[in-house]
Structure formats: C-alpha cells, structure tokens
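An overview of the molecular structure
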Amino acid sequence: MFTGNSVVARNVRLLREQRGLSLAELARQAGLAKQTLSKLEQGTGNPTVDTLFSIAAALGVPVTRLVAEREQVMTVQRGDEVLWTQHGGYESRALDHVYGSGVIENYLVRVGRDPHGAGKPSEPHPVGTLEHLYVISGRVRVGPADSPVELSAGDFVRYPGDRPHVYESLDGESVVHIVVSVPRVQPGTGGTNIARTHGGGQH
C-alpha cells in the first residue's frame, strides 16, 4: 500500500523523467528550491497545496495526476458525449496529449474473434508506457486485464500499458487506432534498444 507522499514522489519523478527534465530544471520552472523538490521525490517532504499546483503547472498536467495512484489514471471518452470545436472550414475533437522524449508508436489494429487468443492479456510494456486507443469500427473490450472497458466506434480510452492488458472484439472484426507512448530509456538502466510494443522486432 502506497502512502500519500510515496504516490506523489513516484508520480512527480516519473512525469519529470518522461519530459527529460533534470531535478534542477523542474524546480526552476516550478519556482521551488531544488532541495524541496528532491525531498518530495524521495517521499520525505510534506508538500503544500500551492507546491503541488506549481509542480503540476510546470509539468503541464492536472494536479490530480500527481496525487492519484497511477493505476487509476484511465480516461474514457464516449463518442456521443464529446464536444467538437469549429475552426472555420473544419471541426476538431481533442483526444489526448502525449508528453515525453521517448518513443511514440502509431498502429492500426484489426481485432478479431480468435477462439484461441480472445481476451488473452498482452505482456506489460516498459514502466510508464501509456496506450491511447480510438475505436474506428466495431465493439471492443480493452484496457487493463483487471479492469477493461467496453467501447464502440467513436469512443476513446487512455490506460497504463505497463500492466497486462487485453484487446477483444465483441462484434466480429473491429478496427482500432492505438498510439503507444514509451518513456525514453534512462542512462544507467542498461537499455539500448526499445522493442516495438505491437510490431515485433526492434527500433
């Protein structure tokens, strides 16, 4: 069980590393002392609400991203509930934002009813990976293996990709668009190549 301080510490460190920011640079952008931020990332600090809002603003995320268990960070947009924004000759719909200096992969995936593999969880990707999935056609059950969601054409979901997750079609063959954001490999981790998350082979 994570304490409140350890959750904040883990989230701030992960978000900072995904953006390629040093401790000193994030502290500068947030208007904090480097020692204050260092203690917070070690889980020994006791941040004020103002401190959390300053860090969230510097990272470009809602403050809830700092205080929520990462496993709970799943967003669902239903196609019939979203707002489209008019831009002269066209309309746009914002799906999500992708941050970081790692690898961004784009896939079109055909999900079919495979009696041998339907609902079988995919292996977790590197820590910090997020999957952003938009349903083009059909109906699917996707997301973390222990809490998948059912989606129809026009729906969107973002969920952690560093946990076992599933893709299952509920209506013949379904087609989805997936954007996978994989954080950069940190110096000293021994990683040199990042395996493609859905394509087999290496970058």
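Residues numbered from 1 in each chain as written. Predicted model: local features only at pLDDT ≥ 70, side-chain atom pairs only at ≥ 80, totals over all residues. Heavy atoms only, no water.

1. Remarks on the packing of helix α2 (residues 23-30) against helix α3 (residues 34-41)
Note the threshold: For helices, the fitted axis covers only the stretch in contact; all axes are lines through C-alpha atoms, and the angles between them, taken along N-to-C directions, range from 0 to 180 degrees. Numbering of helices and strands runs from the N terminus; a helix is a DSSP stretch of H or I covering at least four residues, while a strand is a stretch of E covering at least two. Angle categories are assigned with fixed cut-offs, so that under 35 degrees is roughly parallel, over 145 is roughly antiparallel, 65 to 115 is roughly perpendicular, and the rest are oblique. Crossings are sorted by hand: turned counterclockwise from the far helix by less than a right angle, the near helix makes the crossing left-handed, and turned clockwise it makes it right-handed. Residues count as neighbours in contact if any of their non-hydrogen atoms are within 4.5 Å of one another. For this scheme, ten residues count as nonpolar: Ala, Val, Leu, Ile, Met, Phe, Trp, Tyr, Cys and Pro. Four count as charged, namely Asp, Glu, Lys and Arg, and the remainder, Gly too, count as polar.
Close contact between α2 and α3 brings their axes to 9 Å; oriented N to C, the two are set at 115°. In this view, α2 runs roughly perpendicular relative to α3, as classed from their interaxial angle. In the packing of α2 onto α3, the handedness of the crossing is right-handed. Seen from α2, the contacting residues are L23, A24, L26 and A27; seen from α3, they are K34, L37, S38 and E41. Considering only residue class, the contact of α2 with α3 consists of five nonpolar, one polar and two charged.

2. A word on the confidence of the model for the protein
Here is the rule we go by: pLDDT measures how confident the predictor is about each residue, on a scale from 0 to 100.
Per-residue pLDDT for the protein has a mean of 80; in total, 80% of the residues score no lower than 70. Taken element by element, the predicted model of the protein shows its lowest mean pLDDT in helix α5 (residues 64-67) (81) and its highest in strand β7 (residues 149-152) (95). Scored below 50 in pLDDT, residues 185-194 makes ten contacts in the model with residues more than four places away or belonging to other chains.

3. Re the pairing of strand β5 (residues 130-137)
Within a regular strand, the side chains alternate between the two sheet faces. Where we set the bar: Note on pairing: two strands pair once DSSP finds at least 2 bridges between them.
With five bridges connecting them, β5 and strand β8 (residues 156-160) associate as antiparallel partners. Within β8, the position partnered with L133 by the bridge is V157.

4. Thoughts on the pairing of strand β10 (residues 174-182)
Applicable threshold: Here's how the labels work: a residue is buried when its accessible area is under 20% of the maximum for its type, exposed when over 50%, partly exposed in between, all with a 1.4 Å probe on protein chains only.
Extensive coverage of β10 is indicated by the burial of eight of its nine residues. In the sheet, strand β4 (residues 103-111) pairs with β10 via nine bridges, with the strands oriented antiparallel. Bridging across to β10, V111 finds its partner in S174. Direction of pairing for β5 relative to β10: antiparallel, over a ladder of seven bridges. Bridge pairing in β10 links L130 to S181.

5. Description of the sheet that holds strand β9 (residues 165-169)
With respect to topology, three strands assemble into an open sheet ordered β7-β6-β9, the strand pairing being antiparallel. Two strands bound the open sheet, and with one partner strand each, they are β7 and β9. Neighbour-to-neighbour, the strand axes of the sheet open up by a mean angle of 20°, direction not taken into account. Pairing geometry for strand β6 (residues 139-144) and β9, over five bridges, is antiparallel. By the bridge assignment for β9, P144 is matched with H165.

6. Quick notes on α3
What counts here: Directions are taken from the helix axis to each C-beta atom, and the arc is the one they span.
The complete set of buried residues in α3 reads L37, S38, L40 and E41. Seen along its axis, α3 keeps its buried residues to an arc of 160°; they face one direction. One or two positions beyond α3, positive phi appears at G43, with a value near 80°.

7. Quick notes on the sheet that holds β8
Ordered in space as β1-β8-β5-β10-β4, the five strands form an open sheet in which the pairing is antiparallel. Only two strands of the sheet have a single partner each, and these edge strands are β1 (75-77) and β4. In this sheet, adjacent strand axes meet at a mean angle of 15° when their direction is disregarded. Pairing analysis gives three bridges linking β1 to β8, with the strands arranged antiparallel. Within β8, the residue paired with T75 across the bridge is R158.

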